Amino acid sequence: MKMMDGAESVRSGKSDRSERSHRSHGSMHHRHHQRQPSNRPHRSQSRDKVRGGDEHIDDRAVQHRDHHIVSGEDECEERIEVQILPQDDNWGDNTTAITGNTSETAFSMEDMHKFSKDLDDSIGFDCTRYVGTALATFLSLFGFASPIIMVILPKLGIMTWDAGPCKPECEGLLISFTFKLIILLMGTMALFFRHPKATMPRVYVFRAVVLFLVFVLTFAFWLFYGVRIFKRKDAKTEYYNIVQFSVSLVDALLFIHYLSIIVLEIRQLQPQYVVKVVRSPDGLSQNYNIGILSIQRAAVSVLENYYKDFPVFNPYLENVHKRSSKVTSLKIYDVDGVNSSGPQGRQRAVFAPNSRRRDTSHNERFYEEQEYERRVRKRKARLIMSADEAFTHIKRMQDEQGPAIPMDPYEAAQAVFPSMARALQKYLRVTRQQPRYTMEAVLQHLATCISHDVSPKAFVEKYLTQGAVIMNEKDYKGLEKWVLVCDHLLTREIEHGIVFQLRQGELSLLCSVHKLPHFSLTEEVIDPKHNKFVLRLNSETSV
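Values in this document were obtained by computation on a predicted structure and should not be read as measured data.

Undergrad: Can you help me understand the nonpolar core in this one?
TA: In summary, soluble globular proteins display a tendency toward joint burial of nonpolar side chains. Counting 33 residues, the largest nonpolar core has Leu217, Tyr225 and Val243 as its most contacted members. Listed by contribution, the elements that provide at least two residues to this core are helix H4 (109–152), helix H5 (168–191), helix H6 (205–230) and helix H7 (239–266). Among the elements that take part in this core, H7 stands out by supplying 11 residues, more than any other. Setting aside its immediate chain neighbours within four residues, leucine 217 contacts Leu249, Ala252, Leu253 and Ile256.

Undergrad: Can you help me understand the state of the cysteines in this one?
TA: Cysteine pairs can be covalently joined through their sulfur atoms, and such a bond is termed a disulfide. Inspection of every chain in the model, using the stated rule, returns one disulfide. Disulfide partner of cysteine 166: cysteine 170, at an S-S distance of 2.3 Å. Judged by the torsion about the S-S bond (-105°), the cysteine 166/cysteine 170 disulfide is left-handed. Residue classification places cysteine 170 among the buried positions, given a relative accessible area of 1%. Residue cysteine 486 stays outside any disulfide, its sulfur separated by 10.0 Å from that of cysteine 511, the closest cysteine. Judged by relative accessible area, cysteine 486 falls into the buried class, the value being 19%.

Undergrad: It is not clear to me how the pairing of strand E4 (residues 499–504) should be interpreted in this structure. Could you clarify?
TA: Note on strand geometry: in a regular strand, side chains alternate between the two faces of the sheet. Pairing analysis gives four bridges linking strand E3 (residues 483–486) to E4, with the strands arranged antiparallel. Residue pairing across strands places valine 485 opposite glutamine 501, the latter belonging to E4. Bridge analysis of E4 against strand E5 (residues 507–515) gives six bridges, and the strand direction is antiparallel. Pairing of phenylalanine 500 across the sheet is with cysteine 511, part of E5. Joining the antiparallel neighbours E4 and E5 is a turn of two residues, in which glycine 505 adopts a positive phi near 65°.

Undergrad: Sorry if this is basic, but what is going on with helix H11 (residues 409–430) here?
TA: Because each turn of an α-helix spans 3.6 residues, side chains separated by three or four positions end up pointing in the same direction. Counted at 1.5 Å a residue, the expected span for H11 with its 22 residues is 32 Å, and the 29 Å between its end C-alpha atoms agrees. Roughly 55° is the biggest bend found in H11, and it falls at proline 418. Inspection of H11 places Ala412, Ala413, Val416, Phe417, Met420, Ala421, Ala423, Leu424, Gln425, Tyr427, Leu428 and Val430 among the buried residues, and these make up the whole buried set. Along its buried surface, H11 packs onto helix H10 (361–391), helix H12 (439–451) and helix H13 (456–464). The positive-phi residue at the C-terminal boundary of H11 is arginine 432, with phi of around 60°.

Undergrad: I keep staring at the layout of surface pockets and nothing clicks. Help me out?
TA: Over the atoms, a rolled probe matching the size of one water molecule traces out where space is still vacant. Here the largest pocket defines a volume of roughly 1400 Å³. Around the largest pocket sit 44 residues that line it, and Tyr307, Glu480, Lys481, Trp482 and Gln504 are the ones nearest its centre. Of all the elements in the fold, those that place two or more residues in the lining of the largest pocket are H4, helix H8 (295–309), E3 and E4. Looking at which element gives the most residues to the lining of the largest pocket, the answer is H8, with seven residues. Its residues assigned to classes, the lining of the largest pocket shows 25 nonpolar, seven polar and 12 charged. Secondary structure elements with two or more residues in the lining of the second largest pocket: H4, H6, H7, strand E2 (285–290) and H8. In terms of residue count, the dominant contributor to the lining of the second largest pocket is H4 (seven residues). For the lining of the second largest pocket, the class distribution of residues is 20 nonpolar, 10 polar and eight charged. Both domain 1 (124–266) and domain 2 (271–314 + 477–515) contribute no fewer than three residues apiece to the lining of the second largest pocket.

Undergrad: Would you explain H8 in this entry?
TA: Over its 15 residues, H8 extends 21 Å from the first C-alpha to the last, a length consistent with the 21 Å expected when each residue adds 1.5 Å. Counting buried positions along H8 yields 12 of 15 residues, so the element is predominantly enclosed. Among the residues making up H8, those that are buried are Ile295, Gln296, Arg297, Ala298, Ala299, Val300, Ser301, Val302, Leu303, Asn305, Tyr306 and Tyr307.

Undergrad: Even after reading the chapter, I still don't get the packing of aromatic side chains, so can you show me in this structure?
TA: Ring pairs (aromatic) are described by centroid distance and by the angle formed between their planes. Under the counting rule described, the total for this entry stands at 12 aromatic pairs. Between the aromatic rings of phenylalanine 215 and phenylalanine 219, the centroid separation amounts to 6.2 Å while the plane-to-plane angle is 20°, which identifies the pairing as stacked. Separated by four residues within a single helix, phenylalanine 215 and phenylalanine 219 lie in helix H6, roughly one turn from each other. Ring centres 5.3 Å apart and planes at 70° place the aromatic pair phenylalanine 366 and tyrosine 367 in the edge-to-face group. Under the relative-accessibility criterion, phenylalanine 366 is labelled partly exposed at 45%. The positively charged end of lysine 155 is found above the aromatic ring belonging to tyrosine 239, 4.5 Å away from the centroid.

Undergrad: For this particular structure, what's the right way to read the UniProt feature "transmembrane region" (unreviewed entry) in the protein chain?
TA: Residues given the UniProt feature "transmembrane region" (unreviewed entry) here are residues 130–153, 173–193, 205–225 and 245–266. Helix makes up 96% of residues 130–153 and strand makes up 0%, while its end C-alpha atoms are separated by 33 Å. Annotated as residues 173–193, this span is 90% helix and 0% strand, and its ends, taken at the C-alpha atoms, are 29 Å apart.

Undergrad: Explain the environment of isoleucine 149 to me, please; I cannot follow it from the model alone.
TA: Within the secondary structure, isoleucine 149 sits in helix H4. Sequence spacing of isoleucine 149 and serine 246 is 97 residues, and the spatial spacing of their C-alpha atoms is 9.1 Å.

Undergrad: Would you explain the side chain of asparagine 472 in this entry?
TA: In this fold, asparagine 472 is placed in the loop between H13 and E3. Owing to a relative accessible area of 6%, asparagine 472 belongs among the buried residues under this scheme. What asparagine 472 contacts, discounting residues up to four positions off in sequence, is Val312 and Arg436.

Undergrad: Help me understand the pattern of salt bridges in this model?
TA: Opposite charge on two side chains allows them to pair when their charged atoms are near. Under the defined criterion, the tally for this structure stands at nine salt bridges. Among the salt bridges present, the one from aspartate 251 reaches lysine 180, with a minimum N-O distance of 2.7 Å. With aspartate 251 in helix H7 and lysine 180 in helix H5, this residue pair connects regions lying 71 residues apart in the sequence. Exposure remark for lysine 180: the relative accessible area of 22% places this residue in the partly exposed category. Where lysine 197 meets glutamate 304, a salt bridge forms, and the shortest distance between an N and an O atom there is 3.1 Å. Pair noted here: lysine 197 is in the loop between H5 and H6 and glutamate 304 is in helix H8, with a separation of 107 residues, a long-range link. Residue lysine 197 is classed as exposed on the basis of its relative accessible area of 67%.

How each quantity is defined
- Residues numbered from 1 in each chain as written.
- Predicted model: local features only at pLDDT ≥ 70, side-chain atom pairs only at ≥ 80, totals over all residues.
- Heavy atoms only, no water.
- Core = buried A, V, L, I, M, F, W, Y, C linked by side-chain atoms within 4.5 Å.
- Buried < 20%, exposed > 50% of the residue type's maximum accessible area, 1.4 Å probe, protein only.
- Helix = DSSP H or I, 4+ residues; strand = E, 2+ residues; numbered from the N terminus.
- Contact = heavy atoms within 4.5 Å.
- Disulfide = S-S within 2.5 Å.
- Pairing = 2+ DSSP bridges.
- Expected span 1.5 Å × (residues − 1).
- Bend = angle between axes of the 7 residues up to and from the residue.
- 1 Å grid on protein atoms, 1.4 Å probe; cavity = no way out; pocket = protein on both sides within 12 Å on 5 of 7 lines; lining within 4 Å.
- Points joined across faces, edges and corners; volume = space filled by probe spheres on them.
- Nonpolar A, V, L, I, M, F, W, Y, C, P; charged D, E, K, R; others polar.
- Domains from an automatic or database assignment.
- Phe/Tyr/Trp six-rings, centres within 6.5 Å; stacked < 30°, edge-to-face > 60°.
- Lys NZ or Arg CZ within 6 Å of the ring centre and 35° of its normal.
- UniProt positions renumbered as here; feature names shortened; annotations may be inferred.
- Salt bridge = Lys/Arg side-chain N within 4 Å of Asp/Glu carboxyl O.

Structure follows, in structure tokens:
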């Protein structure tokens, strides 16, 4: 009875293992299913020991055989790399799948760490962004309010201070004092109280010099005011002299403001250099004229021009002409038997097919580019024709004769959009722009074009090109972070041959500076006597 139980347990173990092997390998394992029968003796052991030992040995055999099968398959198969472009065939909304281990409101420790790090970075960036403006505001208000306080203090009666009445010449001086302060206030607000365009890693030297001059000048006037006027109030200094002293401070502040306009605004207007900007990885380039600027301010000027002149970088376009390379392993036989084991001979034999394939790769790329451009032109023509046909069905109620159903621009866009949706979707696919536009965004743009009575070509213009970087609504941000890389001090003025780089993620802008040459022009006067011509005629000349 024990022997029968042991045999049944062995058979059941084999059947279980065959089922597991069949499920894991399918048809590949069916070819290797024939096995040699086991000759293990059935000793007087317990049923559990027989089953456990048999399963352990057979599992190792199955795993060993599976390893050889999988390794053989890996040697024979070819590896093909495929890049999946996110597409939406039905212009539908995206779906989000939430598993049981995640929650919309749950946070892990890693998320909390990233959140705290981003919060610290944003707080530090905001502080560095507004600390310069705050300091300039404080010093400007301190300099602007100082002459006013100097004029008002004698009239407040502090410590029985009486400077006497203000005579007509003093009143005229006060009128001049008032208008000079108003001019100074308007000029300061126009020059300093502006939203900063960029937060630079280094201090803006000329602006810091101007603020330092304002502080030194105001401090010096207060020092002399306290020593020469306030401490000698018993000497009864006339109020006219106090007003004249304050007017002198206002005049000095006006001259500093004039100096700041020349240094901060006018000095950089005349072009002195040309900056060539090359974007990586697509290799687009532009040239810009700039004046005498520091390296960090030149980088800001480059970014301002970059966002309006460069098209949006589309990473999916980089792989349009790339095909998956199939690695073919060739086995080389040396018939003559000479130098068959030499490594150089084997390398030449293996790399010969690859070199021949590389010789014809430029032809393949040329024809691929020609075919891609043909497809783009074909899709573009279909899109323009579809837009023309769709716009012919839209008319304003004032131009429509007879009964009609009134619709707002968005409803009209919904009514005519299906007739051009397929052509637009195919064009966005072939130009790799489909991830940037949703159905709702296209409908909003179409409704805007319908409400302003624009032409069909004006509607499709947004999709015919990649568009400027600043016009990319999907990736638009109010704050853009870039990294400036340069071998020189960033506060140093740009010179001929300086190279710096701007980085943002996978994008980088390589900027090289070249100085404009000095142009020497000479005058050449045309002699009126030599500025006459004759007409030669012969028998073969037709007039």
